[in-house]
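Inside the fold
Chain residues, written in single-letter form:
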Amino acid sequence: MTVIGHEWASDLLLSGLAKGRIPHATLIVGPQNIGKTTLAFSFSQALNCTGGHSVPCGECVSCRKIANGNHPDVRILDSPGQSLKIDEVRDLQRHLSLSPHEGRWRVAVLSDFERATVEAANALLKTLEEPPAQVALVLTATEAEVLLPTIVSRCQVLSLRPLSTAAVKEALISNWNAHPTRADLLAHLSNGRLGWAVRAHEDESLLARRDEHLDNLALLMSKGRVERLAYAADLSRDSNLVKEVLTLWLGWWRDVLLLASGSQATITNLDRKAMLHQQAGQVTIRQAQRLVAQLRSTTRNLDQNVNVRLALEVLLLSLPSVAFQ
Ligand SMILES: [Zn+2]
């Protein structure tokens, strides 16, 4: 559970620990796969570490049990994509009402707390208002604004920012033995989310999917109305896929815009430079700008219950028509 980057957040938590000022509840916010849960785990380890000079040592029985997910005093509620129900919170509260079994602190990590139903969040509020002794709660969320303000106001809030591209690259090379060229590409594609870069490094299918989505984009631009509308209809059936595809397309068109406008800023899709240059030569800056803006607003509107299929149809029909090799 080595936390990479976010040094200020680790320092803040550890210095609180050293001074005996441990917040009952901490809320760690930041984009997906940026290291929120890793930081939460590391803090759980620090609270219960029995090792030597550096805390958490990562080697004592307690640290190892937490890393392996089998420490009796550390509960993790982490089911991505599923809502967190009141029964789970009540069960957790029963567990937290007991004194620690073998550690000093009972810790509960509630990942992606935006998954909590209103009932579950209100139930947890009771624990936040009257926290049992020797209990530390760590919540994570993509942003504080999506949670009930009553929850947020009772937490110490740590807002994590994306790591620099250089930091992600360096971590991939030294901690995950990635080849420098690959580390460079993944670091650029990650937008500072180390967790994503590591997953992509370990699971080839992530990059393969990206290739497929970018190939589709190029292909669609050489196709007519019928094919584009068919693609929109197909894609609109899977809302998670829509987000994934639009995020990639946005990154792609941002690169096209950078090149078309002669910007010296670094592009993201390093491995497809030739194709980017080719496209940048075939569209106007205005076209690229318009498409970037449109991809942004379509992505934003997806969260607001728009008619996804219609939004995709409009977007697909706005793609410039150009033939690419
Ligand atoms: Zn330890």
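Residues numbered from 1 in each chain as written. Predicted model: local features only at pLDDT ≥ 70, side-chain atom pairs only at ≥ 80, totals over all residues. Heavy atoms only, no water.

Details of the overall build of the protein
A tally of regular secondary structure across the protein gives 15 helices and five strands. Seen along its three principal axes, the alpha-carbon backbone of the protein occupies a region of about 65 × 45 × 30 Å. Counting over 325 residues, the protein shows a buried share of 45%. Considering only residue pairs separated by 6 or more positions, the protein has 72% of its internal contacts joining residues 24 or more positions apart. (Helix = DSSP H or I, 4+ residues; strand = E, 2+ residues; numbered from the N terminus. Buried < 20%, exposed > 50% of the residue type's maximum accessible area, 1.4 Å probe, protein only. Contact = heavy atoms within 4.5 Å.)

Points about the pattern of salt bridges
In this structure the tally under the stated criterion is 13 salt bridges. For Glu 204, the salt bridge goes to Arg 182, with nearest N and O atoms at 3.5 Å. One end of the pair, Glu 204, is in helix α10 (residues 204-221); the other, Arg 182, is in helix α8 (residues 180-190), and 22 residues separate them in sequence. By relative accessible area, which is 53% here, Glu 204 ends up exposed. Across the pair Asp 211 and Arg 210 runs a salt bridge, and its minimum N-O distance is 3.3 Å. What you see here is one network of salt bridges that share partners, running through Arg 210, Asp 211, Asp 215, Asp 271 and Arg 272. (Salt bridge = Lys/Arg side-chain N within 4 Å of Asp/Glu carboxyl O.)

Quick word on the pairing of strand β2 (residues 74-77)
One ladder, built from four bridges, connects β2 with strand β3 (residues 106-110); its direction is parallel. Looking at β3, one finds that Leu 77 is bridged to Leu 110. (Pairing = 2+ DSSP bridges.)

Focus on the nonpolar core
If you look at the biggest cluster of nonpolar residues, it comprises 33 residues, and the most contacted ones within it are Leu 246, Trp 249, Trp 252, Trp 253, Leu 295 and Leu 319. Where this core is concerned, the elements lending two or more residues are α10, α11 (225-235), α12 (239-260), α13 (273-282), α14 (285-302) and α15 (308-318). Examining the composition of this core, we find that 10 residues originate from one element, α12, more than from any other. Residues within four places of Leu 246 in sequence aside, it is in contact with Leu 295, Thr 298, Thr 299, Leu 302, Leu 312 and Leu 315. Grouped together as the second largest cluster of nonpolar side chains are 27 residues, Ala 25, Ala 120, Leu 128 and Val 135 included. (Core = buried A, V, L, I, M, F, W, Y, C linked by side-chain atoms within 4.5 Å.)

Some thoughts on the side chain of Ser 190
Looking at the element boundaries, Ser 190 is found in helix α8. For Ser 190, a relative accessible area of 0% puts it in the buried group. Within polar-contact distance, the side chain of Ser 190 engages the backbone oxygen of Ala 187 at 2.8 Å. The contact partners of Ser 190, leaving out residues within four places of it in the chain, are Val 168, Trp 196 and Ala 197. (Polar contact = N/O pair within 3.5 Å; in protein donor to acceptor, adjacent residues only side chain to side chain.)

Some points on the coordination of the zinc ion
Within the protein, Cys 49 (SG), Cys 57 (SG), Cys 60 (SG) and Cys 63 (SG) serve as the donor atoms for the zinc ion, at 2.3 to 2.4 Å. For the zinc ion, the four donor atoms in the first shell make angles of 101 to 120° at the metal, a pattern classed as tetrahedral. Within one chain, the residues donating to the zinc ion are spaced in sequence as C-x7-C-x2-C-x2-C. For Cys 63, a relative accessible area of 0% gives the class buried. (Donors = N, O, S within 2.8 Å, 3.2 Å for Na, K, Ca; no water. Tetrahedral: all angles 85-135°; square planar, octahedral: opposite > 155°, others 65-115°.)

So, the packing of α10 against α12
At a closest axis distance of 10 Å, the pairing of α10 and α12 adopts a crossing angle of 70°. One element, α10, and the other, α12, form an angle in the roughly perpendicular class. Considering the relative orientation of α10 and α12, their crossing is right-handed. Contacts between α10 and α12 involve Arg 209, Arg 210, His 213, Leu 214, Leu 217, Leu 220 and Met 221 on the former and, on the latter, Leu 241, Glu 244, Val 245, Leu 248, Trp 249, Trp 252 and Trp 253. (Axes fitted to C-alpha atoms, helices over the stretch in contact; angles between N-to-C directions. Parallel < 35°, antiparallel > 145°, perpendicular 65-115°, else oblique. Left-handed = near helix turned anticlockwise from the far one by under 90°.)

Considerations on the sheet that holds β3
Pairing within the open sheet is parallel, and its five strands lie in the order β2-β3-β4-β1-β5. Whereas interior strands pair on both sides, the edge strands pair on one side only; in this sheet they are β2 and β5 (156-159). The average angle at which neighbouring strand axes cross in this sheet is 15°, direction not considered.

Overview of the packing of helix α9 (residues 194-202) against α10
Close contact between α9 and α10 brings their axes to 4 Å; oriented N to C, the two are set at 95°. Comparing their axes, α10 and α9 come out roughly perpendicular. Here α9 contributes Trp 196, Arg 199, Ala 200 and Glu 202 to the contact with α10, which in turn contributes Glu 204, Leu 206 and Leu 207. Split into classes, the residues belonging to the contact of α9 with α10 amount to four nonpolar, no polar and three charged. (Nonpolar A, V, L, I, M, F, W, Y, C, P; charged D, E, K, R; others polar.)

Considering helix α7 (residues 165-176)
If you check α7, its first and last C-alpha atoms are 16 Å apart, about what 12 residues at 1.5 Å a residue would give, namely 16 Å. All buried positions along α7 are accounted for by Val 168, Ala 171 and Leu 172. All buried residues of α7 fall inside an arc of 100° around its axis, so they share one side. Its buried side turned inward, α7 meets α8 and α9. Of the residues trailing α7, Asn 177 is marked for its positive phi of about 50°. (Expected span 1.5 Å × (residues − 1). Arc of directions from axis to C-beta.)

Here's the deal with helix α5 (residues 118-129)
Over its 12 residues, α5 runs 16 Å from end to end, which matches the ideal 16 Å to within 8%, given 1.5 Å per residue. Along α5, the residues that are buried comprise Ala 120, Ala 121, Ala 123, Leu 124, Leu 125, Thr 127 and Leu 128. Where α5 is buried, its residues touch β1 (25-29), α4 (86-96), β4 (135-141) and α6 (149-152).

Distances and angles like these do not, on their own, reveal function.
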